[in-house]
Amino acid sequence: MASTALPSTLPSTHHSDMAPVAKELRPVTSISTRRYGCLPWVDVYHTTTAPGLRAHVNTKSKWLSFTHPEGQRYFQTQQARFSTVTEENVLNEDIGHSVSNWLAIIEKRIVECGVTLPQACELFVELRFDELPHTSTCAYYFVDHHSRSLFWLEPTSSELLDMGMLVSDSHLNIALERLYWVHVEFFPMHVHAQMAPDILDNLISVISHGMIDRMTSRTSTFPYTEGKCNQFLQALSLHRGMEATVTKEFHVLTIMKGKPLDGHTLCFVARLWGAINNQRFMTYYGQENAQLDRSHPTVPEDIVDCPGIRTQANLILWGVPNHYYSKLHDLFVHDQVYVDQWQAFMAACISEWREMCLWAFSVLIASILIAMLPRASVSSSMAPILAASSSILSGSTLLLRHRGFEDATASFAARFLNTAKSSNWGFLPLSVIYSMPRALYLWSLGLMLAQFIFWVSRVIGVPWALGGACFLAMMGYGILYFTSLEDDLPDLSGIMPRRHWLTFQRSGSEEADGVMTV
């Protein structure tokens, strides 16, 4: 992290008994603060209240105290050239003195660097201390409420700030705007009156478009589902003074006289803007090659594939791994996971594994009963019993291992898939593991039929057994043939993924909704 080393001219407030402390002014971003990482213990005690009405203590301080809607207290003060916010307890004399010293250093640095500050400028500071080496650090960043951006006093690397890879200056502007909205989300209570009311109107327009885009496209890049957009629009319209009429297909918003923003409203409006700008950054919104389709990566990916081994695995496991292999690649495009796609995938997997356990148990019981029939061979029942037991075991293990995965967040899903993706085999091992309950069930079913045909041959003769086997084989082949004809046709979802008018080709809204169901 780029930082400015400063001479240790100020006394250390927390570590005066240690060696001389080096001081650093360190650029950070609004998402790299200690807001959610620092969990100190609280000191609790009992006290005795004085008789009568308790008078409120009015401390004479230049710092104003505000409480975030989540409960976090922060302080704000107005300097000559900028406003300052911090979550440090400046009411503590030592901490307040340390913060004031750092503000003096920052003002001096502004003059030395020749930086011209905008009018609507705000500074964030956070005190840090590293035990080894003994370093007192002031983490800081500036925000400009007019341009909705962050900036610093010295050249700072986007890589060291962990802002992600960039493609242009306008792409950097989106990243900085996202960080700006995160800052407003964390410190909304003192600036809500300064915010333009159109940020709420524009947010409603963006979410409305995203909802319709989700409804009419299976590969939309908008981060929220139709149901989430529904809830957001109702909440936003209540705070904007709108009437929200919800029909079966669409929302009808009647704009009425708007209400001024309050701190609570600004907090969640800023959070939504931050999430939308984060998605815009990842999909290269407004760039020459923006990602318009969720399944199409904009950056070349190093896809690890072993076609020979994958073909053998599909031959052994009835082609089931190929299904999971393609699904996992569709889920994890450009290291991104859409939470609704992940939850739908995991819900389908868990449902299938649960069904395979039940069906394999039925095969297991049937195979044991066949082995108990007169003139039955116990040795012929070992293979179907072993396959059915393996299906139950693999399904039960996967169910236990993936418990709660259907409700997991996108960040958890991304970490899981990134860990499960082998550097040498890609998603092939995970695909094979996911396919074991169904594939082993199919093996147990086939082996049980072979066990039954073998018993029939010993009871009524080989010709009858061969005839029955031929009939079962022809019936199974016919079912597979006539139900797999569509697989040979071109996949229209891959050729025309963004042809929205395909949704409305059929009459009736129910048919249209069925076409677009993911």
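Predicted model, so just to flag it, every value in this text is computed and none were measured.

Reading the values: the criteria
Residues numbered from 1 in each chain as written. Predicted model: local features only at pLDDT ≥ 70, side-chain atom pairs only at ≥ 80, totals over all residues. Heavy atoms only, no water. UniProt positions renumbered as here; feature names shortened; annotations may be inferred. Helix = DSSP H or I, 4+ residues; strand = E, 2+ residues; numbered from the N terminus. Expected span 1.5 Å × (residues − 1). Bend = angle between axes of the 7 residues up to and from the residue. Core = buried A, V, L, I, M, F, W, Y, C linked by side-chain atoms within 4.5 Å. Buried < 20%, exposed > 50% of the residue type's maximum accessible area, 1.4 Å probe, protein only. Domains from an automatic or database assignment. pLDDT = per-residue confidence, 0-100. Contact = heavy atoms within 4.5 Å. Axes fitted to C-alpha atoms, helices over the stretch in contact; angles between N-to-C directions. Parallel < 35°, antiparallel > 145°, perpendicular 65-115°, else oblique. Left-handed = near helix turned anticlockwise from the far one by under 90°. Nonpolar A, V, L, I, M, F, W, Y, C, P; charged D, E, K, R; others polar. Patch = residues over 30% accessible without salt bridge, like charges linked within 9 Å, V, L, I, M, F, W, Y side chains within 5 Å. Areas by Shrake-Rupley, 256 points an atom, 1.4 Å probe, with all protein chains shown as cover. Salt bridge = Lys/Arg side-chain N within 4 Å of Asp/Glu carboxyl O. Pairing = 2+ DSSP bridges. Phe/Tyr/Trp six-rings, centres within 6.5 Å; stacked < 30°, edge-to-face > 60°. Lys NZ or Arg CZ within 6 Å of the ring centre and 35° of its normal.

(A) Seen up close, the UniProt feature "transmembrane region" (unreviewed entry) in the protein chain. With numbering aligned to this structure, UniProt lists the feature "transmembrane region" (unreviewed entry) at residues 356–376 and 462–482. Regarding residues 356–376, the helix share stands at 76% and the strand share at 0%, and the terminal C-alpha atoms are separated by 27 Å. Taken end to end, residues 462–482 has its terminal C-alpha atoms 30 Å apart, with 100% of it in helix and 0% in strand.

(B) Layout of helix H11 (residues 428–459). Along its 32 residues, H11 runs 44 Å from first to last C-alpha, staying within 8% of the 46 Å computed at 1.5 Å per residue. When the local axis directions of H11 are compared, the greatest deviation, roughly 50°, occurs at methionine 436, which is followed within four positions by the proline proline 437. Just downstream of H11, glycine 461 is the residue with a positive phi angle, here 115°.

(C) Just the nonpolar core, in detail. Ile106, Phe142 and Ile207 are the most contacted members of the largest nonpolar core, which has 68 residues in total. With nine residues, the top contributor of residues to this core is helix H2 (residues 169–186). Of the domains in this structure, domain 1 (22–34 + 60–162) and domain 2 (166–299) are the two that each give at least three residues to this core. Of all hydrophobic cores here, the second largest spans 26 residues; its members include Tyr325, Met346, Cys349 and Tyr434.

(D) View of the confidence of the model for the protein chain. Scored by pLDDT, the protein chain has a mean of 84; 83% of the residues are at 70 or more. Segment residues 7–19: pLDDT under 50, and 15 contacts once partners within four positions in sequence are set aside and those in other chains are kept. In this model, residues 242–257 is a region of pLDDT below 50 whose contacts with residues beyond four sequence positions or in other chains number 34 contacts.

(E) Quick look at the side chain of glutamine 336. By secondary structure assignment, the location of glutamine 336 is in the loop between helix H7 (320–331) and helix H8 (339–371). When its relative accessible area of 9% is taken as the criterion, glutamine 336 is described as buried. When sequence neighbours within four positions are dropped, the list of residues in contact with glutamine 336 reads Gln279, Met282, Gln291 and Leu331.

(F) Focus on the packing of H8 against H11. In contact at an axis separation of 9 Å, H8 and H11 are set at 20° when each is read in the N-to-C sense. Of the possible angle classes, the one that applies to H8 and H11 is roughly parallel. Pair H8 / H11 crosses with left-handed handedness. Of H11, the residues touching H8 (which contributes Phe345, Glu352, Trp353, Met356, Trp359, Ala360, Val363, Ala366, Ser367, Ile370 and Ala371) are Tyr434, Pro437, Arg438, Tyr441, Ser444, Leu445, Met448, Gln451 and Phe452. Here the contact of H8 with H11 is built from residues that sort into 15 nonpolar, three polar and two charged.

(G) Region of interest: a nonpolar patch on the surface. Residues Phe361, Ile365, Ile368, Leu369 and Met372 make up a contiguous nonpolar surface patch of roughly 490 Å² in combined accessible area. In this structure, leucine 369 sits in helix H8.

(H) Just unusual backbone geometry, in detail. If you check the backbone angles, histidine 334 has positive phi at about 55° while not being a glycine. Structurally, histidine 334 can be placed in the loop between H7 and H8. Under the relative-accessibility criterion, histidine 334 is labelled partly exposed at 21%. Of note in this structure, arginine 375 is not a glycine but carries a positive phi near 65°. Note that arginine 375 resides in the loop between H8 and helix H9 (382–401). Residue classification places arginine 375 among the exposed residues on the basis of a relative accessible area of 53%.

(I) Main features of the pairing of strand S3 (residues 64–67). Two elements, S3 and strand S4 (residues 73–78), share four bridges in a ladder whose sense is antiparallel. Bridge assignment links phenylalanine 66 to a residue of S4, and that residue is tyrosine 74. Counted along the chain from S3 to the antiparallel partner S4, the turn is five residues long, and its residue glycine 71 has a positive phi close to 115°.

(J) Expanded view of the packing of aromatic side chains. Applying the stated criterion across every chain yields a total of 27 aromatic pairs. Aromatic side chains tryptophan 342 and phenylalanine 405 sit 6.4 Å apart centroid to centroid with 40° between the ring planes, which places their arrangement in the tilted category. Residue tryptophan 342 is located in helix H8, and its partner phenylalanine 405 is located in the loop between H9 and helix H10 (410–420); the two are separated by 63 residues in the primary sequence. Just as tryptophan 342 is buried, phenylalanine 405 falls in that class too. A cation over a ring is seen here: arginine 280 above tyrosine 285, with NZ or CZ 4.3 Å from the ring centre. Directly above the aromatic system of tyrosine 338 lies the positively charged group of arginine 294, at a separation of 5.8 Å from the ring centroid.

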